[in-house]
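# Reading the structure
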Amino acid sequence: TEQHRLETALRLQAERTEQAITVMSHGLSMFDADERLIVANEAYFRLYDLDRSVVKPGVTLREIVAHTIERGTDYGKPLEETYRERLQNARRLGVSTGQTLLKSGRIVEITSRLTSDGGWVSTHEDITARRRYEDALRDQNLRFDTAFLDAEQLPAATAFLAKPFSPDRLLTALDGLFSAADDAR
């Protein structure tokens, strides 16, 4: 019958959606307009070390934030302030992105988008490795810039050291080095 065909198609669509959510590498959470959890995937539970007996459909965002604090995450501010910030970020028009540091030292980037019914859906990505690569690249660039500056000054330093020492020559050379360093910046 037509109803049976529609029910089968709906069940198949629900199974496909559940499979897609399950295999996502990022955490996913969806809340309704009353701030109650509708769905969250396994990656979300693992990322925040959540207890499934506490965090389940129907629990509020505030209760989830309280649960993460109870499990050791230190947001650096009181529960109510953390909760209000999370709610405010989630309910911004368009897409909002924020970051949080977990007790494990991992950095999570949270991207939220409002849904048509007043709720929101968020992805939660562990960006710790990316941040470490960015920091390492920044350090490497700084070392490269320093070495490049040092290499440019090497002929002048060699010439200075080849001549007899005098206090006036030292002051002149240091003044030249400081000027070159300022010009390079």
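Let me sum up the structure you'll find in this document. The numbers attached to residues start from 1 for each chain and follow its sequence in the written order. For this predicted model, a pLDDT threshold of at least 70 governs which residues receive local features, and a threshold of 80 or more governs which side-chain atom pairs are given and counted, while totals over whole chains, interfaces and linings are taken from all residues. The side-chain figures draw on all heavy atoms in the structure; neither hydrogens nor water molecules are used.

A few words now on the overall build of the protein. Within the protein, the secondary structure is distributed over 6 helices and 5 strands. Between buried and exposed lies partly exposed: a residue is buried under 20% and exposed over 50% of the maximum accessible area for its type, with that area taken using a 1.4 Å probe on protein chains only. Every one of the 185 residues in the protein was classed for burial, and the buried ones make up 26%. The contact definition used throughout considers only heavy atoms, calling two residues in contact when any of these lie within 4.5 Å. Look at the contacts in the protein between residues 6 or more apart in sequence, and 37% of them connect residues 24 or more apart. Total accessible area on the protein is roughly 12,600 Å²; 57% of this is exposed by carbon and sulfur atoms. Helix and strand labels come from DSSP, where a helix needs a run of H or I of at least four residues and a strand needs a run of E of at least two; each type is numbered from the N terminus. Here the accessible surface of atoms and residues is derived via Shrake-Rupley with a 1.4 Å probe, and residues count as covered only by protein chains that are part of the display.

Let's shift gears to the packing of aromatic side chains. When two rings of Phe, Tyr or Trp (its six-membered ring) have centres within 6.5 Å they constitute a pair, described as stacked for plane angles under 30 degrees, edge-to-face for angles over 60, and tilted for the intermediate range. This model, assessed by the stated rule, comprises 3 aromatic pairs. Note on Phe31 and Trp120: the rings are 4.9 Å apart at their centroids and 15 degrees apart in plane angle, and the pair reads as stacked. Residue Phe31 is located in strand 1 (residues 27–31), and its partner Trp120 is located in strand 5 (residues 120–126); the two are separated by 89 residues in the primary sequence. This pair shows no difference in class: Phe31 is buried, exactly as Trp120 is. The interplanar angle of 65 degrees and the centroid separation of 5.3 Å between the aromatic rings of Tyr44 and Tyr48 together place this pair among those described as edge-to-face. You can see Tyr44 and its partner Tyr48 sitting in helix 2 (residues 42–48), 4 residues apart, about one turn around the helix. With a relative accessible area of 4%, Tyr44 lands in the buried category. The exposure class assigned to Tyr48 is buried, which follows from its relative accessible area of 7%. Put simply, the rings of Tyr44, Phe45 and Tyr48 pair up and form one aromatic cluster. Seen from the ring of Phe45, Arg52 lies directly overhead, with NZ or CZ sitting 4.0 Å from the centre. Whether a charge lies above a ring is judged from NZ of Lys or CZ of Arg, which has to be within 6 Å of the ring centre and within 35 degrees of the ring normal.

This paragraph deals with the sheet that holds strand 5. Pairing between strands is defined by DSSP: at least two bridges between them are needed. A sheet is described by the order of its strands in space; here 5 strands give the open sequence 2-1-5-4-3, paired in antiparallel fashion. Each having just a single partner strand, strand 2 (37–40) and strand 3 (95–101) make up the two edges of the open sheet. Between one strand axis and the next, the sheet turns through 20 degrees on average, direction left out of account. Alignment of strand 1 against strand 5, held across 5 bridges, turns out to be antiparallel. The residue bridging Met30 from the neighbouring strand is Val121, located in strand 5. The sheet contacts of helix 4 (residues 79–90) involve strand 3, strand 4 (107–114) and strand 5, and relative to strand 4 the element is tilted by about 50 degrees. Note on geometry: axes are C-alpha line fits, over the in-contact stretch for helices, and angles between N-to-C directions span 0 to 180 degrees.

Expressed as a C-alpha distance, the spacing of Tyr44 and Gly27, which sit 17 residues apart in the sequence, is 3.8 Å. Aside from chain neighbours lying at most four places away, what touches Tyr44 is Gly27, Leu28, Ser29, Phe31, Leu50, Ile64 and His124.

Once that is clear, we can look at the nonpolar core. Residues belong to a common nonpolar core when they are buried Ala, Val, Leu, Ile, Met, Phe, Trp, Tyr or Cys residues joined through side-chain atoms within 4.5 Å. Formed by 21 residues in total, the largest nonpolar core has its most connected members in Phe31, Leu37, Tyr44, Tyr48, Val55, Leu61 and Ile64. Top contributing element to this core by residue count: helix 2, with 4 residues.

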